[in-house]
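Each chain is listed here by its residues.
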Amino acid sequence: MKFYFLTLIFIFFTNLIEAQVVATSVINYLKNHQQVNVLIELKAKADLSQINLNSSKEEKGKAVFQALKSVSNESQMPVKKLLESLHIKYKSYFLINIISSSLNKEELAFISNLREVKSILLDESISLEKNIDNSMNTLHSREPLVTWGLTRVEADKVWAQGYKGKGVTIAGEDTGYKWDVEGIKEKYRGYSTGGVNHNYNWHDAIHKSSPLSSDTINPCGYNLSEPCDDNSHGTHTMGTMVGSTDADAYGIAPEANWIGCRNMERGNGALSTYVECFEFFLAPTDLNGLNPKPELAPSAINNSWYCSLEEGCDTSNFPIMEEAIDNLTKAGVVVVVSAGNSGQSCGIINYPAAIFNSSLVVGAFAINDTISSFSSSGPVYNYKNFRIKPDVVAPGSNVLSRIPSGELVGWQGTSMAGPHVAGLVALIINANPALNGQVEKIKNIIKQSARHADANIDCPPFLNDAIPNHVYGYGKIMASVAVQMALITRVGNNSSSTGDFFIQPNPVSDYCTIIYSSSSQRNPLSIMNSYGELVQLVEPHQSEINLSTLTSGVYVLYDRMNGKGFKFVKM
């Protein structure tokens, strides 16, 4: 009987491998191990096509949460019952319809045979010889320029207008955070002068040591009920988002609130730890993981990491993380992702989450205003259709921020660039609260307001002077211009043709041409800045406009006689 049972298991297992239910990486892992950590993906998917993308962030968040939760609860029941009958521990997810567990070959065969199961994917860290992202290393510059990056993107000009991110919550998933560091503590959403409350503001997805770590002694421990940073990386990135004291201004959105999640154990994660943090941010929970509240979701998430081959990410499970980011995007959350530090070569952006269309991907530029030598270049060649990434670049060399000791240090990496963009989202929403949850509008503002630069390497057939291109994307972020665009959107000016006139090109450098419709009446036009001030008049007979005297920013070409306007960007 025992021989018959094992034979039957072997037949099931072989058939399911042939049916491609079980990933090849899972099969290979079991050749040398008795157990394997896996993600069990269910076939059922929530239909989010009816989500109204124009509704408020809170409405979208609740609708996405309810749809995902309903489908996962129903479809996962048979799998959970079988796992429980076999006395196997598991964790259920709803952001993506998956269950994580540890199975042996026989258990894998049983689970794989369930008709609800779509695939079983590897969730293991594997030791490989490969260069680790340099952003995880301690790269110090002893005398960094404190404000070069913030000055270069003109964040100080935005602050002078009164926009510092107040009332906006942004998030980070990283190596954890030293929440009570000076300049960062005051911005933590769980902090108040009366005390601290970590419920709905912190989650720890690290439940054990990573096989990629040198030992099993984590300096913070596991399953933490309050934020802790086991690597310093997370604290540094959060400082770039929100950090400031009376003496130092190093965070781009110094009045924004932050919440956090630890998704890496001393710099090493796994597919399930990354997904667990994404799920927390869709609907933050209390410290027991209960009572989710999608209305407390952040407006943007910074992701200064990538999921490598060592961490078990390969083409078989790329769609899992892509689905997580797509669902967060539909819920009104901007997912900001660092491009990576593999340097200037074609197609080096090739790891999750920077390869996905929904990710707002950020490369790095240096104080000399050129691309940082370590910043990974696109385009994305290795997943689905070729696409241009990064989307934009931000300051990433010698970026000053705080580490858990409280010391201000200058680090470099696209890990340092990404937080600038997450913080920029807070400034945009602060300037125009109606944009909160309008992910595509926010991303478009960030892209269209960036300073263009030609790519410095050839990657045929992509053009170096294209907008976007494979090195700079749309260009170097400009906080001042982005906020001006947000303000113009707030007062209701259209960003597209009125039907009467528009200009080409847009964005414009020094000269542009007015294009009139054949039936339009040519009236005198005014050029207004973002404060509603008249800066230039255009006569009815003019077709070409000289804008060389205008500073960079967002303007409106306005016909006072019929009340119509056209928004354009001066680079």
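Calculation rules
- Residues numbered from 1 in each chain as written.
- Predicted model: local features only at pLDDT ≥ 70, side-chain atom pairs only at ≥ 80, totals over all residues.
- Heavy atoms only, no water.
- Salt bridge = Lys/Arg side-chain N within 4 Å of Asp/Glu carboxyl O.
- Helix = DSSP H or I, 4+ residues; strand = E, 2+ residues; numbered from the N terminus.
- Buried < 20%, exposed > 50% of the residue type's maximum accessible area, 1.4 Å probe, protein only.
- Expected span 1.5 Å × (residues − 1).
- Disulfide = S-S within 2.5 Å.
- Pairing = 2+ DSSP bridges.
- Axes fitted to C-alpha atoms, helices over the stretch in contact; angles between N-to-C directions.

Side-chain pairing between opposite charges can occur once the charged atoms of the two side chains come close. The full count for this structure, using the stated rule, is 19 salt bridges. Notably, a salt bridge pairs Lys 178 with Asp 180, separated by 2.6 Å at the nearest N-O pair. Lys 476 serves as the salt-bridge partner of Asp 369, at 3.1 Å between the closest nitrogen and oxygen. Of this pair, Asp 369 sits in the loop between β12 (360-365) and β13 (392-395) while Lys 476 sits in the loop between α12 (439-448) and α13 (479-490); the two residues are 107 residues apart in sequence, bridging distant segments of the chain. Overall, the relative accessible area of 22% leaves Asp 369 in the partly exposed class. The exposure class assigned to Lys 476 is buried, which follows from its relative accessible area of 5%.

Here the focus is helix α9 (residues 271-282). Here α9 contains twelve residues, and its C-alpha end-to-end distance of 17 Å stays within 8% of the 16 Å for a straight helix at 1.5 Å per residue. The element α9 is extensively covered by neighbouring structure, given that twelve of its twelve residues are classed as buried.

In the structure shown here, the tally under the stated rule is four disulfides. Each sulfur in the disulfide pair Cys 220 and Cys 228 lies 2.0 Å from the other. Across the S-S bond linking Cys 220 and Cys 228, the dihedral sits near -70 degrees, which makes this disulfide left-handed. Overall, the relative accessible area of 16% leaves Cys 220 in the buried class. Relative accessible area serves as the criterion here: at 22%, Cys 228 is assigned to the partly exposed category. Across the disulfide, Cys 307 is cross-linked to Cys 313 (sulfur-sulfur distance 2.0 Å). The disulfide joining Cys 307 to Cys 313 has a torsion of about 85 degrees about its S-S bond and is therefore right-handed. For the residue pair Cys 307 and Cys 313, the accessibility class agrees, reading buried in each case.

Looking now at the environment of Gly 260. As for its position among the elements, Gly 260 is in strand β9 (residues 257-262). Classification of Gly 260 as buried rests on a relative accessible area of 0%. Each C-alpha atom of the pair Gly 260 and Ile 301 lies 9.1 Å from the other, and the pair is 41 residues apart in sequence.

Further remarks concern the sheet that holds strand β21 (residues 553-559). Pairing is antiparallel in the open sheet, where four strands are placed in the order β19-β18-β21-β22. The open sheet is flanked by β19 (534-538) and β22 (564-570), the only strands paired with a single partner. Across the sheet, the mean angle from the axis of one strand to that of its neighbour is 25 degrees, orientation sign disregarded. Pairing analysis gives seven bridges linking β21 to β22, with the strands arranged antiparallel. Paired with Gly 553 across the strands is Lys 570, a residue of β22.

Burial runs high along strand β3 (residues 98-103): five of the six residues are buried. The sheet contact formed by strand β1 (residues 36-42) and β3 spans six bridges and is antiparallel. Residue pairing for β3: Asn 37 is matched across the bridge by Ser 102. As defined by bridge partners, strand β2 (residues 90-92) adjoins β3 across three bridges and the pair is classed as antiparallel. Looking across to β3, one finds that Ser 92 is bridged to Ile 99. Count of turn residues in the β2/β3 antiparallel hairpin: five residues.

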